[in-house]
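Residues per chain, in single letters:
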Amino acid sequence: MICAISPASSNYEETLSTLRYADRAKRIKNSAAINENPQDKLIRQLREENNKLREMLGSSGGGAAGGENEEEMKEKQQEIAALEQALQEMQRSFAERLSEAQANANSAAQQKKEKADVTLPHIANLNEDDLLTNKLRFGFKDGRTRIGRPADGEGGPEVALSGPGIQAEHAVVVNTSGKCVISASGEAAATTFVNGSTLEDKASGVELSHGDRVVFGQCFFMFVDPSIGKAAELLESGKVSYAMARKEQGTGDGPTEEELKASREMAEELERKVKEAEDAKAKAKAEAEELLKQREDEFREQMERRQEEWERERQEREQAVASDERAAAEQAEKHAQELERLQHEFEEKQRKAEEMAQKRIQDLEAVAKKAAREEEEHRQHELAMQRLEEELMSVMPLVKEANLIAAELKRPQRLETKMHCEINGSKRGTVRVMAAVTRDGARLYEWSPETLENRVFLLRELLQRCEEEGFEVADQLPDEEDPLWDPIQVERMIGISQVLLEGVLVQVENCFDARILSTEGFQAGMLRVEISPLASDGTPGVPDSEVVDDPEDFLGHRLGVQVHVIHATDLPEALANDVRIEYNYWIDDKPHEVLAEPGYNQNPVFNYKKSFVQDPVTSRFLEYLKTKLVFRVYGKDSAASQQLKAVEEAAEAARAAAAASSLSPGGAAEAGLPLPGAVGSEPCSPNNNAAGAGADEAALLSERRLSPT
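Residues numbered from 1 in each chain as written. Predicted model: local features only at pLDDT ≥ 70, side-chain atom pairs only at ≥ 80, totals over all residues. Heavy atoms only, no water.

Novice: With reference to specific residues and values, describe the overall build of the protein.
Specialist: Counting its regular elements, the protein contains 15 helices and 22 strands. The buried share among the 709 residues of the protein stands at 31%. Element-wise, carbon and sulfur atoms account for 50% of the exposed surface of the protein, whose accessible area totals about 45,100 Å². (Helix = DSSP H or I, 4+ residues; strand = E, 2+ residues; numbered from the N terminus. Buried < 20%, exposed > 50% of the residue type's maximum accessible area, 1.4 Å probe, protein only. Areas by Shrake-Rupley, 256 points an atom, 1.4 Å probe, with all protein chains shown as cover.)

Printed below as a string of C-alpha cells:
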C-alpha cells in the first residue's frame, strides 16, 4: 500500500489517521472460496473418489496374486460400481428437476406471451403519469375473452381488473379474424365506456377500432390494432392521451377547437391594434417634432432675412448720411416692434403646435390603454375558462366515482355537477364548480371541489371496509362519520339582481325592473327597485336650485340616497318560501336585509325604504356611484324542507317508541303509572299489545329509511 502523508505539523492528525488505516489494511487476509452448488460439489467429490479408486485398482492389479488381494480388489470394484450407480442416480434426478423447471418456465413464459402478445389485437393502459402508460397490455385471442374481477380459484376471467364499478363478469370481447367486438350487460354496461359513450342500449356490442378509448369503471385503456399501428405511435402523435379519455368521461364540457381558434384570433387582433396604436403614436410624435423644427427653421430664416434687410437699410442710411435723427429713431423703433410682433407670432404658433401634438399623443395613449385593457380582460377570461375546464375535469370524474360507490353501498344519495355564476358588479362574473347532493330529486346541500375530494377519499375507505367486514358497517355509521351526510340546506339563493347607481350623479330618480339571474345563469324573476337622490331636507327628489352640472361639484359636500325595494315577481315555485333580500351598500361591514311576509308567495311585496347620507363626498364615493348595487334574493326550498321535516318526524317517532319500550310493568309501577287490568284503567288485550309493538317497529324502520345514514 502507498500512503500520502505530510511532514508538516499542521497535518499531524491526518498523517496519524492515514498510517493507522494503512496498518489495519495490511493485516487483512483474503481467503478464496469457489462459488459452487452443493450438489455439484458432491458429484465432483464422488468422481474424484471414483478416479482415485480406479488408480488404486490399476496400481495394485499388476503384481500380487494372493487370495487377500483378490478379495480387496473385489471390494474396490464393488465400491466403484456403487459410487458410479449413486453418481448416475444423482445426475438423473438433477436432470429431471432441471427439465421440470424448464418446462414450468416455458409454460409461464408462453402464458405471459399470450396475454401480452402485441401481435394480437390488445388493449394498453392509460395513466396520468406518462411513465406508467402503456405498461399493462392484454391481448385478445381468437374467440371470447372475458374481463372482470379476479376469482379466488380457477375459472376466473382472462383479463383481471379491480376497482370501483368492476363486476365479476364485467365485459366480453369476441375476436373474429382480427375484428374485435366488446359487449356488456346489466350494471356493467353503465360503467363501460367506448370513446365516452356507455354500452347501455347496445346489446349487440360495439366494434373496436384502432385508437378507441375504452374505460371499465375507473380503469382507462386504449385499443391497439397491430395491423394498423402501435400504441407508442398513438401516444407520440397525440391522437390518444389520458387527458383526452378523462375529458370524454366529463361529458366534453369546455371550449371547442373553433372557440379556441376564435379566441386566439381575437388575441392576435388585439395585439395588432395595440401595435398599430403605438406606431401611430410614434408617428404623430415624429410629425410634431418635425413640424416644430420646421417652424423654428422658418422663423430663424425670417429673422436672418429681416436682420439682413435692417443692416442693409442701416448701411444705406449711413451711406446716404441721413440728417434727421428722429426719422432714424422711428425707423429703429418700427424695426423693434416688427421683431417683437414676429417673436410673439412664433411663440403663439409654437404653443398651438405643442398643444395639438400633446392632444394627439393623449388620444393615442387612451386608445393604447383601452386596447391593453381589452387584451388583459381577454387574457383573464381565457385563464378563467382554462381554470373552469380544469375544475370540470377534476370534479366530474369524482362525482361519477362517488355515485358508483354510493350505488354499491345502496345509498339513496346521488351527486350532480353544478356551475354557479357569481356576479360581483364587474363586467364579467366568475363561474364556480360545485357538487350538489340530491335525494329523491330534492337538493339537500352542495359541496365545494375540496370537500368533494375529501368525501370521495372517505367513501373509498368505507367501501374497502365494507368489502372486508360486510356492508352492514355502512348502515351502523353515526351521522358525523357518514361521508354522505351533511345538515340539509333549506335556504338557497334564488338569484342576483343589479341596479345602476349612476342616476344619483345626475340627480334623477330611477325606477328599475331588474332581472333576477339564478346561479345557473337563467332568469328567476323580476325585482322592482327605485333609487332616488335626496334633497338637503332629506326628502326624495332634488329641486332645480340644488342641481349641479358637474359631479365633481359634490366633493366635500353632503349627498343622500334612498333605496326603495318595492316587490318581486315570477319567483320560482320551489323556492318562493320566506323570501328575503340582502345587499351591501358602500363600505358597510354587515349586509342590509329586506324581509317580506313569511310564507309561500311567488310575488312578494317588500315596500322597504332605507336612506343613506354621505358627508362629505369623496372621490372614492363618486367612483362607487358609477358601479352597480347588487341584491341577493334568498328563499327556502320546499323539497328540502319536506326532507328535513320527514327526517325530524322519523327521529321523534323513534325516540317515542324507544321511551315506550323502556317502560316495563315493573317500571310503570315504580313511576306510579296504571298497570294493564288495574282499577281505573282500560283492559289491555294481547292484540292491542301486538299492535303497539308493530307500530314501534314501523316507526324504527321509517326512521332508518328516512335518515341520511
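Novice: Would you mind going over the sheet that holds strand E8 (residues 197–198) in detail, with residue names and values included?
Specialist: Taking strand neighbours across the sheet as the criterion, the 6 strands line up as E2-E1-E11-E10-E7-E8 in an open arrangement whose pairing is antiparallel. Of all strands in the sheet, those with a lone pairing partner are strand E2 (137–139) and E8, marking the two edges. Of the strand pairs in this sheet, strand E7 (residues 192–194) and strand E10 (residues 213–216) are connected by 3 bridges, and their pairing is antiparallel. Directly across from Phe193, in E10, lies its bridge partner Val215. (Pairing = 2+ DSSP bridges.)

Novice: Give me helix H13 (residues 638–662): which residues, what numbers.
Specialist: Here H13 contains 25 residues, and its C-alpha end-to-end distance of 36 Å stays within 8% of the 36 Å for a straight helix at 1.5 Å per residue. Burial in H13 covers these residues: Ala640, Gln643, Ala650, Ala651, Ala654 and Ala657. The distance from a side-chain oxygen at the start of H13 to the backbone nitrogen of Ala639 is 3.1 Å, and the residue carrying that oxygen is Asp637. (Expected span 1.5 Å × (residues − 1). Polar contact = N/O pair within 3.5 Å; in protein donor to acceptor, adjacent residues only side chain to side chain.)

Novice: An account of helix H9 (residues 449–469) is requested, with residue identities and associated values reported.
Specialist: With 21 residues, H9 should reach 30 Å at 1.5 Å per residue; the first-to-last C-alpha distance of 30 Å fits that figure. Buried residues of H9: Leu452, Arg455, Val456, Leu459, Leu462, Leu463 and Cys466, and no others. Along the long axis of H9, the arc covered by the buried residues comes to 125°, so they all point the same way. Summarising the geometry of H9, the exposed residues directed more than 90 degrees from the buried face are Glu450, Glu453, Glu468 and Glu469. Following H9 by one or two positions, Gly470 has its phi on the positive side, about 110°. (Arc of directions from axis to C-beta.)

Novice: Tell me about the packing of aromatic side chains, and name the residues and values.
Specialist: In this structure the tally under the stated criterion is 11 aromatic pairs. Centre to centre, the rings of Phe138 and Phe221 are 6.2 Å apart; their planes meet at 70°, and the pair counts as edge-to-face. One end of the pair, Phe138, is in strand E2; the other, Phe221, is in strand E11 (residues 219–224), and 83 residues separate them in sequence. Neither Phe138 nor Phe221 differs from the other in exposure class; each is buried. An angle of 35° between the planes, with centres 6.3 Å apart, marks the rings of Phe621 and Tyr624 as tilted. Taken as a pair, Phe621 and Tyr624 lie in helix H12 (residues 619–624) at a separation of 3 residues, close to a single helical turn. According to the relative accessible area criterion, Tyr624 is buried, its value standing at 13%. Each residue in the set Tyr585, Trp586, Phe612, Phe621 and Tyr624 is aromatic and connected to the rest through ring pairs, giving one cluster. Just above the ring of Tyr634 sits the side chain of Arg580; from NZ or CZ to the centre is 4.7 Å. (Phe/Tyr/Trp six-rings, centres within 6.5 Å; stacked < 30°, edge-to-face > 60°. Lys NZ or Arg CZ within 6 Å of the ring centre and 35° of its normal.)

Novice: How would you sum up the pattern of salt bridges? Please name residues and give values.
Specialist: Taken as a whole and judged by the stated rule, the model has 35 salt bridges. The salt bridge partner of Glu355 is Arg351, with a shortest N-O separation of 2.7 Å. Separated by 4 residues within a single helix, Glu355 and Arg351 lie in helix H8 (residues 325–408), roughly one turn from each other. Assessed through its relative accessible area of 45%, Glu355 is described here as partly exposed. (Salt bridge = Lys/Arg side-chain N within 4 Å of Asp/Glu carboxyl O.)

Novice: Explain the pairing of strand E19 (residues 580–583) residue by residue, including any values.
Specialist: Burial of the side chains of E19 extends over both faces: Arg580 and Glu582 are buried on one face and Ile581 and Tyr583 on the other. Summarising the sheet, E19 and strand E20 (residues 592–595) pair through 4 bridges and their orientation is antiparallel. Residue pairing for E20: Tyr583 is matched across the bridge by His592. In this structure, E19 lies alongside strand E22 (residues 628–636), joined through 4 bridges in antiparallel fashion. Each residue of the ladder has a partner; that of Glu582, found in E22, is Arg632.

Novice: Tell me about the nonpolar core, and please be specific about residues and values.
Specialist: Grouped burial of nonpolar side chains is what soluble globular proteins tend to show. Ranked by size, the top nonpolar core spans 38 residues in total, and within it Leu527, Ile531, Val565, Tyr583, Phe606, Leu629 and Phe631 carry the most contacts. The biggest single contributor to this core is strand E18 (residues 559–569), with 5 residues. Here Ile531 is in contact with Val499, Leu500, Leu501, Val504, Val508, Glu509, Asn510, Phe512, Val561, Gln562, Val563 and Leu629, once residues within four sequence places are set aside. Listed in part, the 30 residues of the second largest apolar core include Val395, Leu398, Leu444 and Val490. (Core = buried A, V, L, I, M, F, W, Y, C linked by side-chain atoms within 4.5 Å. Contact = heavy atoms within 4.5 Å.)

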